[in-house]
Amino acid sequence: MVNESPARGGGTAALPHILPNEIETDAGKRMTAGPPPPVPAAPGSDIIGDVVGDFGIWQLRTILIIFLCKIPAAWFMACIIFTGPELYPGSEFACDTSYLDSGANSSYIVSENQCYVLDTATGRSSECEQFTYESSFDSLIMQFNLVCLRDIFVAWTQYWHLFGVLVGGVMGTKMMLGISPRNTYCVGAVAQIVCGVVTGYARDFSLHCAFRCLSAVCCAIMFTAGQAIFADITAGMHRIGAIILYDTFWSIGVILLPGLSSFFNSWSLIYVGITFPTIMLIVLLYWTPDSPRWLLRHAADRFSIDNVEEIVREGAAINDRTFKIPPDFRQQLEQLSERLKAQPPPAPWRELWQGKRAKTHMVAAHLAQAFFVINFMGMLLNIRSFGRDYLVPNTIAMGFSEIIGCFLALHFTLKHNKWKWQCAGVFNILAGILGCMGWIFTKADSMDADLKVTLWMIIATIPKAAVSCAQSMILACMNELMPANKKQLYVFSVVTWARIWLLSAPFFNVLRKIDTAMSLTSYCVFSILGGICTCLLLTPRTSVAPVVPAVEPSDKKEQSPLNAPVWTIESDVNNTRL
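Residues numbered from 1 in each chain as written. Predicted model: local features only at pLDDT ≥ 70, side-chain atom pairs only at ≥ 80, totals over all residues. Heavy atoms only, no water.

A count of helical and extended segments in the protein gives 24 helices and seven strands. Evaluated residue by residue, the protein yields a buried proportion of 52% over its 578 residues. In the protein, the share of contacts with a sequence separation of at least 24, taken over all contacts with a separation of at least 6, comes to 81%. With an accessible surface of roughly 25,900 Å², the protein has 65% of that area assigned to carbon and sulfur atoms. (Helix = DSSP H or I, 4+ residues; strand = E, 2+ residues; numbered from the N terminus. Buried < 20%, exposed > 50% of the residue type's maximum accessible area, 1.4 Å probe, protein only. Contact = heavy atoms within 4.5 Å. Areas by Shrake-Rupley, 256 points an atom, 1.4 Å probe, with all protein chains shown as cover.)

Regular strands have side chains that alternate between both faces of the sheet. Here strand 3 (residues 116-119) shows one buried face, formed by Val117 and Asp119, and one open face, formed by Tyr116 and Leu118. With three bridges joining them, strand 2 (residues 108-110) and strand 3 adopt antiparallel strand pairing. Each bridged residue has a counterpart across the sheet, and for valine 110 the counterpart in strand 3 is valine 117. Linking strand 2 to strand 3, which pair antiparallel, is a turn of five residues; within it glutamine 114 sits at a positive phi near 65°. Note that strand 3 and strand 4 (residues 125-127) share three bridges and pair antiparallel. Bridging from a neighbouring strand, leucine 118 pairs with serine 125 of strand 4. Hairpin connection, strand 3 to strand 4: the antiparallel pair is bridged by five residues, and glycine 123 has positive phi, about 80°. (Pairing = 2+ DSSP bridges.)

Per-chain confidence: the protein averages 83 in pLDDT, with 85% of residues scoring 70 or above. Across residues 1-41, where pLDDT falls below 50, the model places 56 contacts with residues more than four positions away in sequence or in other chains. Scored below 50 in pLDDT, residues 543-578 shows 77 contacts in the model against residues more than four places distant or in partner chains. (pLDDT = per-residue confidence, 0-100.)

Another point: the sheet that holds strand 2. One open sheet accounts for three strands, arranged 2-3-4; its pairing is antiparallel. Each edge of the open sheet is held by one strand with a lone partner, namely strand 2 and strand 4. Direction aside, neighbouring strands of the sheet carry axes that sit 30° apart on average. (Axes fitted to C-alpha atoms, helices over the stretch in contact; angles between N-to-C directions.)

This part is about the pattern of salt bridges. One pass over the structure, following the stated rule, counts eleven salt bridges. Measuring nitrogen to oxygen at the nearest pair gives 3.1 Å for the salt bridge that ties aspartate 247 to lysine 70. Here lysine 70 lies in helix 5 (residues 70-78) and aspartate 247 lies in helix 12 (residues 246-261), a separation of 177 residues in the sequence. Members of the salt-bridge network, linked through shared partners, are Arg302, Asp306, Glu309, Arg313, Arg330 and Glu334. (Salt bridge = Lys/Arg side-chain N within 4 Å of Asp/Glu carboxyl O.)

Structurally, asparagine 183 can be placed in helix 9 (residues 181-201). A relative accessible area of 41% places asparagine 183 in the partly exposed class. Along the primary structure asparagine 183 and methionine 222 are separated by 39 residues, whereas in three dimensions their C-alpha atoms are 9.8 Å apart.

Now for the packing of aromatic side chains. Following the criterion strictly, the structure yields 24 aromatic pairs and no others. A centroid spacing of 6.2 Å and a plane angle of 55° characterise the contact between tyrosine 159 and phenylalanine 507, whose relative ring orientation is tilted. One end of the pair, tyrosine 159, is in helix 8 (residues 150-175); the other, phenylalanine 507, is in helix 23 (residues 505-508), with 348 residues separating them in the sequence. A centroid spacing of 5.8 Å and a plane angle of 20° characterise the contact between phenylalanine 371 and phenylalanine 526, whose relative ring orientation is stacked. Taken as a pair, phenylalanine 371 in helix 18 (residues 358-381) and phenylalanine 526 in helix 24 (residues 516-535) lie far apart in primary sequence, 155 residues in all. Members of the aromatic cluster, joined through ring pairs, are Phe76, Phe144, Phe153, Phe205, Trp267 and Tyr271. We note arginine 302 situated over the ring of phenylalanine 303; from NZ or CZ to the ring centre the distance is 4.4 Å. A cation over an aromatic ring shows up here: lysine 464 above the ring of phenylalanine 376, its NZ or CZ 4.0 Å from the ring centre. (Phe/Tyr/Trp six-rings, centres within 6.5 Å; stacked < 30°, edge-to-face > 60°. Lys NZ or Arg CZ within 6 Å of the ring centre and 35° of its normal.)

Further remarks concern the state of the cysteines. If you walk through the whole model with that rule in mind, you get two disulfides. Here cysteine 95 is linked by a disulfide to cysteine 128, with a sulfur-sulfur distance of 2.0 Å. Here the S-S torsion is close to 100°, and the disulfide linking cysteine 95 with cysteine 128 is therefore right-handed. Separated by 33 residues along the polypeptide, cysteine 95 in strand 1 (residues 93-95) and cysteine 128 in the loop between strand 4 and strand 5 (131-133) bring together distant segments of the chain. Given the relative accessible area of 11%, cysteine 95 is considered buried. With its bonded cysteines labelled in order along the sequence, the protein shows the pairing 1-3, 2-4. Cysteine cysteine 524 shares no disulfide, and the gap to the nearest cysteine sulfur, in cysteine 436, comes to 5.0 Å. (Disulfide = S-S within 2.5 Å.)

Moving on, we come to unusual backbone geometry. If you check the backbone angles, glutamine 114 has positive phi at about 65° while not being a glycine. Judged by its relative accessible area of 14%, glutamine 114 is buried. Unusually for a residue other than glycine, arginine 357 sits at a positive phi of about 60°. Residue placement: arginine 357 occurs in the loop between helix 17 (329-341) and helix 18.

Given below as structure tokens:
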């Protein structure tokens, strides 16, 4: 990894500033002596960070543009809530027995749920194979005649979406070994438009699942490459804050989805509606820089250095920091490129288990993230258990609870950094216990329906906020738990492991067939277990002695006590989230 500037927690020698009165008193000396020669860069200096700064208008603009890719990603994940809503038997669909061979003495009785047909002559019961529909909305369920197997097949199509997220995260990370993050992002956006349209107009269920999987692959490629960009141009707590708040735009997408779906009366049109806004993301790439350090690490000729110089100069100009550009700027970029190319390879996976508390951090982080990511996705889809008539307000409530959770994670990280893991863990334990209380009123049939759904949502949104808090904190801060040469592989391992287990999330919603409280309780148990694992995490404290420039004995009085060794947390490393 790159050694960061002082503002980034590294040990870079900063040039001393000259005060105005010194300019006046030494003006004659400097006129006679001529301009001073450029001071060579310190071995560990980071010229990009020194010039553009930790955070500014340039980084903010880039972050907001990249954050937008989370909105269509949320739409593609959660659209099944509105493309495959529950249909009421009898009033909205009925079994059509005309396909049966009616003999002279044959008569048929259809079950109350319209899924089975009883032949009174033979006494045999069979599944209904043909239905008639009376609904103003042309749903996915109607298209593929899934009314009687809705829960299973909805879970199946959702499984393929989550499998696409798993594959897309790995693929995006591997693509960036040879393709720049900006180009990787562009490839994902273009492919997502094509796959999204085909997904909406597929008339075969297997083909629909296949292209839904490919659409998820494209979404994952986009937000993986996007994070690599903004994690490279920010630093310090600004970088951690940006990663924590990355999922807030996912939540905004969840909040906007009911309104977007209300404009369409067909599931195919909903897919078109959630696909074409990605075109705007491609247009906004014009104002999105590439990862400068990635370009330097893979620079093959002077044109690559020219590109990085142009990017950094633009960022310095927008941030009003052009005065930070040194005379030997180009030379320092070339030196940084050589240092990046000479970096040792990351440690192998087996070495992640070696070190103080390494085994605890490996097991706890992997388990916690797996529990939380299952909960995060599954609990959103579980709102269908509370009734079709409440889908819109419940979806919006879930989106806002996710946003609240992200900001709580930011608060714990900024104000309670030492014990942030324990704060998030205890929050999840308490919220999970609250969510398990649904058994108290699940059988209260005499309770008003609106009141009952309100109680369900109260005990569902609080665990949802807790999970959002812990998950965003783990994704942003888990790289603190490992030494520098292990951070990137550690993040990759934790996220990939969690996404493998995420594939089981849709099938826990089938438990609602037993009881509404059953599916909610299963997610709340995951929240409690994840909270316990999170409490086991502890950020190590390392002693960092900043490197100070060598001074003459006569200048010792100018040394500051701020240059003394301090205890700090080494958390400023480019971590790429899958």
